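# A closer look at the structure
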Amino acid sequence: MADFLKDTCAALDKAHSECLEQLKHLRFVADAHNQLIAAALYCSLIEYVGTMLLLAREQKRTGFSSVFRSFLEGYADLTNMLKNDHFYFRKRAAFHRRYKKFLRNVSADNPYLK
């Protein structure tokens, strides 16, 4: 199993390095929200992979699953965004609905919300 993990990390490290190199060629229209968010998600995925590699090399097992889950969520968001032009706006609207509900339910004397 240790050889499998080493081989997987080596392949992932190579792919990560190639992605970092290819970022130099990433182009997008900054005024187009979908393109901007997609580029940010893509960069986040690359950073998550780098973090997972670092954790694996240092044998830090506790935080690995949290980073991996964030990677999977980011990947799902990016995939959905590329399939559906309205995904970003729906996700943003859902966030605002949850935030409004949160604000309605908090106590008026909460010092952190003043």
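Structure shown above.
Residues numbered from 1 in each chain as written. Predicted model: local features only at pLDDT ≥ 70, side-chain atom pairs only at ≥ 80, totals over all residues. Heavy atoms only, no water.

### Remarks on the packing of helix H3 (residues 64-83) against helix H4 (residues 87-105)
Here is the rule we go by: Axis geometry follows a simple rule: fit a line to the C-alpha atoms, using only the stretch in contact for helices, then measure angles between N-to-C directions, giving values from 0 to 180 degrees. A run of H or I in DSSP counts as a helix once it spans at least four residues, and a run of E counts as a strand once it spans at least two, with each numbered from the N terminus. Any angle from 65 to 115 degrees is called roughly perpendicular, while one under 35 is roughly parallel, one over 145 is roughly antiparallel, and all others are oblique. The criterion used for residue contact is that any of the two residues' heavy atoms lie within 4.5 Å. Side-chain classes are defined by residue name, with Ala, Val, Leu, Ile, Met, Phe, Trp, Tyr, Cys and Pro counting as nonpolar, Asp, Glu, Lys and Arg as charged, and the others, Gly among them, as polar.
Relative to each other, H3 and H4 sit at 125°, their axes nearing to 8 Å. Of the possible angle classes, the one that applies to H3 and H4 is oblique. Residue-level contacts link Asp77, Asn80 and Met81 of H3 to Phe87, Tyr88 and Lys91 of H4. Among the residues forming the contact of H3 with H4, the class breakdown is three nonpolar, one polar and two charged.

### Looking at the environment of Ala56
Selection criterion: Only protein chains enter the accessibility calculation, which uses a 1.4 Å probe; a residue is then buried when its area is under 20% of its type maximum, exposed when over 50%, and partly exposed in between.
In this fold, Ala56 is placed in helix H2 (residues 33-57). On the basis of relative accessibility, which here comes to 28%, the residue Ala56 falls in the partly exposed class. For the pair Ala56 and Leu5, spaced 51 residues apart in sequence, the C-alpha to C-alpha distance is 9.0 Å.

### Brief notes about the packing of aromatic side chains
Just so we agree on the cut-off: Classification of ring pairs uses Phe, Tyr and Trp, with its six-membered ring standing for Trp, and accepts pairs whose centres are within 6.5 Å; under 30 degrees between planes counts as stacked, over 60 as edge-to-face, and the remaining range as tilted.
Tallying each qualifying case throughout the model produces five aromatic pairs. Taken together, a centroid distance of 6.4 Å and an interplanar angle of 15° make the contact between Phe64 and Phe68 stacked. Placement of both Phe64 and Phe68 in helix H3 is noted, with a separation of four residues, approximately one turn of the helix. Ring centres of Tyr88 and Phe89 lie 5.1 Å apart, and the angle between their planes is 70°; this geometry places the pair in the edge-to-face category. Its relative accessible area of 15% is what places Tyr88 among the buried residues. On the accessibility criterion, Phe89 (42% relative accessible area) is partly exposed. One aromatic cluster in this structure is built from Phe64, Phe68 and Phe71.

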